[in-house]
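# Descriptive analysis of the structure
As a plain string of letters, each chain reads:
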Amino acid sequence: MIVFPFMNLLVASCGFWCCGSLTYCHFPSFQDKNLTFTEIRNHTLVKEFILLGIPRTQGQEVVLFVVFFIFYACTLLGNLLILLAVVSDSRLHTPMYFFLCNLSVLDIGFSSVSTPKMLANLLVKSRVISLDGCMSQVFFYHFLGCTESLLYTVMAYDRFAAICHPLRYAIIMNRRACALLVAGTWAISSFHATSLTTLTFQLPYCGSNEIDYFFCDIFPVVKLACSNTLVIETVSFTNIGLIPMICFLLIVCSYLRIITAVLKMRSAEGRHKAASTCASHLSVVTLFFGPCALVYTQPSLSEVLVTPVQIFASVITPMLNPTIYTLRNKDVKGALKKLVGGQMVSEGGH
């Protein structure tokens, strides 16, 4: 069965988030945080945190606010247009565009985890975030990030099935299979994010409440815990480091099979069509994993690259994804033109 290896993939990928958290993790030498219960009780437990914002940006807040606001607005508009185009055009009701709709929803959500709070911090110095708000940021960052990583792997499998098994594609990627694959990515990611969030916030926070970052993430937060953080840091490092590597390798394996199949095609038109259907997906996968690879292969630059990579993943990549799929896809461009043209005709009729 062709589906069987991919089910193994979903099981193997049960814990993940890629770039931001891991680049922030340096496994510092553990201070003596083994406080007794009495010592912890004598401290005031933290009920809110203060986000110190993007490091080394004093005096540039207004410029950064304008730039990031434009990026965020383009992210929302671009992904909403993709959703409307696919839903409104019956020709796009195929597995590939079903997964693309899920990606658009994820991009909207993922960019909304940290960007609004970052914009408020830049504009009006709104740095305070409640404990519940901080928990929400940690959960949704890892939930949506993990889902997006798994979805890229599902999309690679979809392209593998379409190109390597074209005659059986409709059977392999039927509606039920697509729904199960997507539901599986969301369910696995929910379990993953719930586990990490629970481990993070079951720790007592009774000292400083200043997070030296622009949003709540596991490693910046657990630095403030007043008990031993070895378990959460070990679990997080394992999940955040090993699993995305497995996902990436599975995507690479899928494309190696695809390349082999394309090279065996006798028709130049067939090779061109197969390559064009994969180009957009390869572009967004490169944007997703590329910055992380840059950090990991250049250890001396890791501390310098942490924040730019995080901002790129949270603000810029979600904006670029709909642009890539629009510019490189005639079907999506046609659906968008039809959508805009239909609205103009409707307004003219009134």
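Attention here is on the structure that accompanies the text. All of these numbers come straight from a predicted model, not from anything done at the bench.

Per the stated rule, a full pass over the model turns up 3 salt bridges. With its nearest N and O atoms 2.9 Å apart, the salt bridge here joins D89 to R91. R159 is the partner of D158 in a salt bridge, and the nearest nitrogen-oxygen pair spans 2.8 Å. The two residues D158 and R159 agree in class, both being buried.

Considering only enclosed or pocket space, the largest pocket measures out at about 750 Å³ in volume. Lining of the largest pocket is provided by 30 residues; of these, M96, K273, S276, T277 and D331 occupy positions nearest its centre. Contributing elements (two or more residues each) for the lining of the largest pocket: α5 (95–124), α6 (131–164), α11 (268–297), α12 (302–327) and α13 (330–349). Top element by residues in the lining of the largest pocket is α11. It accounts for 9 residues. Counted by class, the lining of the largest pocket contains 14 nonpolar, 8 polar and 8 charged residues.

A separate point is the environment of A313. Locating A313 in the fold gives a position in helix α12. Residue classification places A313 among the buried positions, given a relative accessible area of 18%. Spatially, the C-alpha atoms of A313 and S111 are 8.4 Å apart, while their sequence positions differ by 202 residues. Each residue touching A313, except ones within four places of it in the same chain, is listed here: F110 and P318.

What follows covers the pairing of strand β1 (residues 48–51). Covered by surrounding structure in β1 are F49 and L51 only, the residues E48 and I50 on the alternate face being uncovered. Taken together, the 3 bridges between β1 and strand β2 (residues 128–130) define a ladder with antiparallel strand orientation. Considered in β2, the bridge of I50 is made with V128.

Remark: helix α4 (residues 61–88) packs on α5, axes separated minimally by 9 Å, with the N-to-C direction vectors making an angle of 160 degrees. Judged on the interaxial angle alone, α5 and α4 are roughly antiparallel. Note that α4 runs across α5; the crossing there is left-handed. Of the residues that constitute the contact of α4 with α5, the class distribution is 20 nonpolar, 6 polar and 2 charged.

Conventions and cut-offs
Residues numbered from 1 in each chain as written. Predicted model: local features only at pLDDT ≥ 70, side-chain atom pairs only at ≥ 80, totals over all residues. Heavy atoms only, no water. Salt bridge = Lys/Arg side-chain N within 4 Å of Asp/Glu carboxyl O. Buried < 20%, exposed > 50% of the residue type's maximum accessible area, 1.4 Å probe, protein only. 1 Å grid on protein atoms, 1.4 Å probe; cavity = no way out; pocket = protein on both sides within 12 Å on 5 of 7 lines; lining within 4 Å. Points joined across faces, edges and corners; volume = space filled by probe spheres on them. Helix = DSSP H or I, 4+ residues; strand = E, 2+ residues; numbered from the N terminus. Nonpolar A, V, L, I, M, F, W, Y, C, P; charged D, E, K, R; others polar. Contact = heavy atoms within 4.5 Å. Pairing = 2+ DSSP bridges. Axes fitted to C-alpha atoms, helices over the stretch in contact; angles between N-to-C directions. Parallel < 35°, antiparallel > 145°, perpendicular 65-115°, else oblique. Left-handed = near helix turned anticlockwise from the far one by under 90°.

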